[in-house]
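Here's the letter readout for the chains.
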Number of protein chains: 2
Amino acid sequence: MRLSRYYLPILKENPKEAEIVSHRLMLRTGMIRQQSQGIYSWLPLGKRVLDKVNRIIREEQDRSGAIELLMPTLQSAELWQESGRYDAYGKEMLRIKDRQDRPMLYGPTNEEMITDIFRSTVKSYKSLPLNLYHIQLKFRDEIRPRFGTMRSREFLMKDAYSFDLTREGAEHSYNKMFTAYLRTFARMGLRAIPMRADTGPIGGNLSHEFIILADTGESEVFCHRDFVNFDIPAEDTDFDDVGGLKKIFDQWTSVYAATSEMHDEAAFDAIPEGERLSARGIEVGHIFYFGTKYSEAMGAKVQGPDGKEHIVHMGSYGIGPTRLVPAIIEASHDENGIIWPASVAPFDVVVINMKAGDEACDKACEEIYAALTRAGKDVLYDDTDDRAGQKFATADLIGVPTQIIVGPRSIAQGEVEVKDRKTGARDTMTVEAAINRVNG
Amino acid sequence: MRLSRYYLPILKENPKEAEIVSHRLMLRTGMIRQQSQGIYSWLPLGKRVLDKVNRIIREEQDRSGAIELLMPTLQSAELWQESGRYDAYGKEMLRIKDRQDRPMLYGPTNEEMITDIFRSTVKSYKSLPLNLYHIQLKFRDEIRPRFGTMRSREFLMKDAYSFDLTREGAEHSYNKMFTAYLRTFARMGLRAIPMRADTGPIGGNLSHEFIILADTGESEVFCHRDFVNFDIPAEDTDFDDVGGLKKIFDQWTSVYAATSEMHDEAAFDAIPEGERLSARGIEVGHIFYFGTKYSEAMGAKVQGPDGKEHIVHMGSYGIGPTRLVPAIIEASHDENGIIWPASVAPFDVVVINMKAGDEACDKACEEIYAALTRAGKDVLYDDTDDRAGQKFATADLIGVPTQIIVGPRSIAQGEVEVKDRKTGARDTMTVEAAINRVNG
């Protein structure tokens with residue numbers, strides 16, 4: 001992508017309304033723009049990151065055996081009356097009347113709808129286990145939306161729903177998602193700690209929140225330092241291996257970890273002082289096993305191997321992509337801007353032409369740009385006539401992992417500079433070596 | 001994907017509520033499910049097709065130089081009061097009050113919001129031309145939604161918006177989209193004919209609808225038979241070549257084509273009788289040049305090279321992916337089911353195990369499944385214990401382009417049958433040859 005043809009509305013000043021660093025940086029880099037209170041557009045730079053986050057989520061959901069579908073945003077109120085949540089949900093639910101005066105709502109979550117789909121299409125235990133997910137917009141009319149897309153009213157959620165014949169089956173489904181979540185967050189450069197959580201309006205009695213430690217987190221969290229050293233499940237994890245996944249679950253729940261709602265001071269104090277970690281955290285995922293709460297109320301049952309009808313056991317599993325993006329920034333930035341982990345960076349590399357219009361600089365830049373694009377890299381080429389200093393500042397601000405800097409003096413020697421955004425290390429090398437470094 | 005672990009709720013009976021073939025087939029194959037009147041879930045099989053349609057749309061938008069972003073679904077009423085469309089839009093607009101009693105709406109289109117984004121971030125002609133697009137849900141509260149996702153209330157739209165300094169620039173932007181649309185539809189196996197169209201509530205004086213001929217189309221259309229032979233612009237079309245794109249536009253608008261609203265009987269009758277085509281059509285895209293209608297009302301201007309302020313010229317360009325999927329089915333099916341063009345097929349190939357549990361059959365199927373998956377193909381493996389006849393019927397119904405049929409008698413000779421869904425041709429060959437045929 002040539003910057004001269006791109007849309008990258010960088011702000012020169014720090015936006016005053018932003019209280020936390022991710023919100024400030026997302027506005028400054030032109031990743032997002034507020035359209036109404038708690039409602040945002042994802043501008044092109046932000047959209048690229050969001051797409052990469054969603055791709056990782058999808059890959060890990062698919063790997064675990066979950067199957068993607070897409071449910072609509074608007075739901076009929078009737079479904080929610082059936083489950084009993086229509087009246088219980090409160091003012092966070094955006095209630096709507098259509099032109100026929102039928103009561104509708106903008107879905108804050110999809111337990112009712114997926115249960116309705118299940119009961120009308122699945123009849124036999126042979127179709128189980130089943131886990132269906134979608135990545136779809138939700139709306140929750142928060143009284144005080146804040147921190148940009150960290151707590152917005154219209155937001156994207158990946159929500160998965162599992163169906164099993166038995167409680168044991170449902171626990172294995174829970175462990176599949178537990179494992180997939182550990183991998184998902186790790187691939188984004190995050191260490192998320194699963195913590196026993198309150199189930200809130202979703203219901204049920206087994207639930208974990210996945211929390212990233214960050215000073216700006218909304219929740220107070222307490223855990224054992226051991227979490228930092230636990231291994232992330234490997235790419236070739238066998239999701240059918242009931243015992244294997246149980247072992248992963250057991251390890252990751254073997255030491256103390258709790259949010260303030262579930263905090264047990266005595267248990268925490270029993271941990272040797274040097275191993276206690278008390279910090280603030282950001283919730284990036286939440287999983288629930290809630291048994292037959294919805295399937296019972298809505299009649300979701302299958303014929304079992306015994307020929308009898310069985311109410312199915314369900315769980316639901318959420319990740320907020322539009323919240324993950326700022327969470328990654330909270331975990332990875334410095335005073336010059338964002339430092340993207342390679343897996344979610346909007347571009348893999350930025351080629352900086354220090355003197356656009358100079359024949360040798362232009363030629364080298366075009367060559368690098370073409371070679372890296374051909375190799376399948378996402379390349380941003382700063383071909384504008386801005387001053388070199390401004391180009392460096394922009395490249396640092398938007399946090400692309402690698403910068404290739406092409407200036408008239410070094411290119412006369414056939415050389416360019418390669419800068420690593422994270423370490424700040426700069427190396428001088430030939431054009432060919434620079435291309436190989438990025439492709440490496 | 002193993003069918004035994006997939007979610008494919010095939011209906012045995014033809015659904016009574018479906019009036020047209022695409023609606024019937026999308027329900028029967030379990031591609032979609034109605035959740036409320038005119039509001040659908042895309043079940044896994046449908047979601048796969050929708051994703052492929054969206055990918056083609058994105059590739060062609062990107063090729064033309066348009067840049068993707070993502071605007072939200074809910075908009076504030078204020079923006080629409082500024083443009084004057086809030087009162088004009090009528091009952092199709094879903095109006096909503098949030099918990100603070102602020103008037104909102106579920107966006108039926110995004111001219112106002114994109115103009116607001118533009119005016120607050122673009123200040124100079126140097127940032128032009130600019131074309132921003134998104135693929136986002138829209139809601140239009142139709143009084144009579146029908147034909148499944150062909151005319152639904154909640155639907156997906158790709159809408160692009162162009163900004164130019166001059167009318168001439170805007171015409172080139174229009175020709176870029178015109179060309180991209182011809183390529184987009186052709187890649188989905190469709191011949192779409194651009195027809196001069198009424199601009200309706202969008203406004204402006206230059207507009208084309210892209211119409212596919214189909215007996216079930218809602219519009220009556222009249223055109224010259226020459227359209228059938230016009231060349232589709234090549235993949236390496238230079239979108240910066242103003243004259244080249246003008247030539248494409250001129251050819252594709254050189255002979256008569258009009259919907260009934262714009263029909264000129266005298267002009268049509270002037271065409272020799274054998275070259276007249278009078279038919280029914282489905283609108284799959286609509287493009288508009290509307291000059292300064294929104295930029296003037298909302299103050300979207302840039303500083304020109306003359307140092308003065310200029311109101312920008314705009315266009316908007318829509319494609320409906322959730323309507324394209326049924327349109328493709330209308331254009332490509334037979335009495336046994338859907339016949340997907342390869343580019344949008346949910347799976348590239350289905351491997352049918354005629355006798356699951358038979359050692360030789362299982363072994364050959366696993367080998368084919370693994371080899372094709374490794375080669376990056378989307379493979380559905382029917383490993384269920386259904387009868388062979390039912391497996392054949394399902395494979396034909398869901399319309400996967402190639403079927404590889406593995407039966408105990410032929411596999412004893414080391415052979416399988418390969419069936420082409422479209423022609424019905426069956427060839428017997430070795431396992432290796434079958435794999436090569438699909439990878440070919």
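Quick caveat, the model's predicted, so the values are computed rather than measured.

What counts, and where the lines are drawn
- Residues numbered from 1 in each chain as written.
- Chains lettered and ligands numbered in written order.
- Predicted model: local features only at pLDDT ≥ 70, side-chain atom pairs only at ≥ 80, totals over all residues.
- Heavy atoms only, no water.
- Buried < 20%, exposed > 50% of the residue type's maximum accessible area, 1.4 Å probe, protein only.
- Helix = DSSP H or I, 4+ residues; strand = E, 2+ residues; numbered from the N terminus.
- Pairing = 2+ DSSP bridges.
- Axes fitted to C-alpha atoms, helices over the stretch in contact; angles between N-to-C directions.
- Phe/Tyr/Trp six-rings, centres within 6.5 Å; stacked < 30°, edge-to-face > 60°.
- Contact = heavy atoms within 4.5 Å.
- Least-squares fit on C-alpha atoms with pLDDT ≥ 70 in both.
- Buried area = accessible area lost by both parts, 1.4 Å probe.
- Salt bridge = Lys/Arg side-chain N within 4 Å of Asp/Glu carboxyl O.
- Polar contact = N/O pair within 3.5 Å; in protein donor to acceptor, adjacent residues only side chain to side chain.
- Nonpolar A, V, L, I, M, F, W, Y, C, P; charged D, E, K, R; others polar.
- Domains from an automatic or database assignment.
- Lys, Arg positive; Asp, Glu negative; His and termini not counted.

Moving on, we come to the pairing of strand β21 (residues 402-406) of chain A. All names here are of chain A. For β21, the tally of buried residues reaches five of five residues, placing the bulk of the element in the interior. The sheet contact formed by strand β19 (residues 349-353) and β21 spans five bridges and is parallel. Across the sheet, the residue bridging to Val350 is Gln403, located in β21. Pairing geometry for β21 and strand β22 (residues 415-420), over four bridges, is antiparallel. When the sheet's bridge partners are listed, Ile404 is paired in β22 with Val418.

What follows concerns the sheet that holds strand β5 (residues 94-97) of chain B. Residue and element names in this part refer to chain B. Read from one edge of the open sheet, three strands run β4-β6-β5, paired in antiparallel fashion. Unpaired on one side and paired on the other, β4 (74-76) and β5 mark the two borders of the sheet. Across the sheet, the mean angle separating the axes of adjacent strands is 40° when strand polarity is ignored. Two strands pair when backbone bridges link them, and β4 and strand β6 (residues 103-106) are joined in this way by three bridges, in the antiparallel orientation. Bridge pairing links Gln75 to Leu105 in β6.

Here the focus is the packing of aromatic side chains. Counted under the stated rule, the structure contains 37 aromatic pairs over all chains. Taking 5.3 Å as the distance between ring centres and 55° as the angle between the ring planes, the aromatic pair formed by Tyr181(A) and Phe210(A) counts as tilted. Remark: Phe210(A) occurs in strand β10 (residues 206-213) and Tyr181(A) occurs in helix α6 (residues 167-187); sequence separation between them is 29 residues. Note on accessibility: Tyr181(A) and Phe210(A) belong to one class, buried. Plain terms: the ring middles of Phe118(B) and Phe163(B) are 4.2 Å apart, the flat faces sit at 10° to each other, and that makes the pair stacked. Placement of the pair is Phe118(B) in helix α5 (residues 111-121) and Phe163(B) in strand β8 (residues 154-164), with a sequence separation of 45 residues. With respect to class, Phe118(B) is no different from Phe163(B); both count as buried. Feature note: the residues Tyr174(A), Phe178(A), Tyr181(A), Phe185(A), Phe210(A), Phe249(A) and Tyr317(A) constitute an aromatic cluster, connected by ring pairs.

This brings us to the environment of Gln37(A). Looking at the element boundaries, Gln37(A) is found in the loop between β1 (32-36) and β2 (39-42). The sequence separation of Gln37(A) and Gly148(A) amounts to 111 residues, and the corresponding C-alpha distance is 9.5 Å. Those residues in contact with Gln37(A) that sit more than four places away from it in its chain are Pro145(A), Arg153(A), Gln100(B) and Arg102(B).

This part covers the relation of the copies chain B and chain A. Of the transformation superimposing chain B on chain A, the axial component is 0.0 Å and the angular component is 180°, with the fit at an RMSD of 0.0 Å. The superposition operator between the copies reduces to a two-fold rotation axis. Residue Ile96(B), judged by its C-alpha, is the member of chain B lying nearest the rotation axis, at 3.0 Å. Same-surface contact between copies: 100% of interface residues of chain B are shared with the interface of chain A.

Turning our attention to the interface of chain B and chain A. Every contact between the two is made by 55 residues of chain B and, on the other side, 55 residues of chain A. The junction of chain B with chain A conceals about 4,700 Å² of combined surface from both sides, 56% of it contributed by carbon and sulfur atoms. When the buried area of chain B at its contact with chain A is split by residue, Tyr7(B), Leu70(B) and Arg99(B) rank highest and sum to 15% of it. Here chain B is connected to chain A by eight salt bridges. Note that Asp98(B) and Arg153(A) form a salt bridge whose closest N and O atoms lie 2.9 Å from each other. Taken together, the connections running from chain B to chain A amount to 24 residue pairs in polar contact (both at pLDDT 80 or more). By residue class, the composition of the side of chain B that touches chain A is 27 nonpolar, eleven polar and 17 charged.

Moving on, we get to the domain arrangement of chain A. All names here are of chain A. As assigned here, chain A comprises domain 1 (8-338) and domain 2 (349-439). Between domain 1 and domain 2, the C-alpha centre-to-centre distance is 39 Å. Of the residues lining the interface, twelve residues belong to domain 1; the matching set on domain 2 comes to seven residues. Both sides of the domain 1 and domain 2 interface together cover about 840 Å² of buried area, and 56% of this is carbon and sulfur. When residues of domain 1 are sorted by the area they lose upon contact with domain 2, Ile10, Asn336 and Ile338 head the list and together hold 44% of the total. The interface formed by domain 1 and domain 2 contains two salt bridges.

Residue and element names in this part refer to chain B. You can see Glu209 is positioned in strand β10 (residues 206-213). For the buried residue Glu209, which engages in no salt bridge, the nearest side chain bearing the opposite charge is Arg323, 8.1 Å off. Every residue in contact with Glu209, bar those within four places of it in the chain, is listed here: Ile193, Pro194, Met195, Ala197, Thr259, Glu283, Gly285 and His286.

Okay, the sheet that holds strand β23 (residues 426-430) of chain A next. Residues and elements named next belong to chain A. Strand order in the open sheet formed by five strands is β20-β19-β21-β22-β23, with mixed pairing between adjacent strands. Of all strands in the sheet, those bounded by a partner on one side alone are β20 (379-382) and β23. Neighbouring strand axes in the sheet, compared pairwise and without regard to direction, differ in orientation by 25° on average. Contacts from helix α12 (residues 388-398) reach β19, β20, β21 and β22 within the one sheet, and its direction differs from that of β19 by about 175°.

With respect to the secondary-structure elements, Phe222(B) resides in strand β11 (residues 219-224). Contacts of Phe222(B), omitting those with residues within four sequence positions, involve Tyr256(B), Ala257(B), Ala258(B), Ser260(B), His263(B), Phe268(B), Leu277(B) and Ser278(B).

Further remarks concern α5(B). In terms of burial, α5(B) is largely enclosed, as eight of its eleven residues are buried. All of the buried residues along α5(B) are Glu111(B), Glu112(B), Met113(B), Ile114(B), Thr115(B), Asp116(B), Ile117(B) and Phe118(B).

Residues and elements named next belong to chain A. Secondary-structure assignment places Lys138 in strand β7 (residues 130-139). Owing to a relative accessible area of 1%, Lys138 belongs among the buried residues under this scheme. Here His134 takes part through its side chain, which lies 3.5 Å from a polar atom of the side chain of Lys138. Separated by 2.9 Å, the side chains of Lys138 and Asp159 make a polar contact.

Another point: the pattern of salt bridges. Applying the stated rule across the entire model yields 65 salt bridges over all chains. Asp334(A) serves as the salt-bridge partner of Arg421(A), at 2.8 Å between the closest nitrogen and oxygen. Separated by 87 residues along the polypeptide, Arg421(A) in the loop between β22 and β23 and Asp334(A) in strand β17 (residues 333-334) bring together distant segments of the chain. Overall, the relative accessible area of 4% leaves Arg421(A) in the buried class. Ionic pairing is found between Asp378(B) and Lys52(B), a salt bridge with its closest N-O pair at 2.9 Å. Within this pair, whereas Asp378(B) is found in the loop between α11 (359-374) and β20 (379-382), its partner Lys52(B) is found in helix α2 (residues 44-63), the two being separated by 326 residues in sequence. Take Asp378(B): its relative accessible area is 26%, and that puts it in the partly exposed class.

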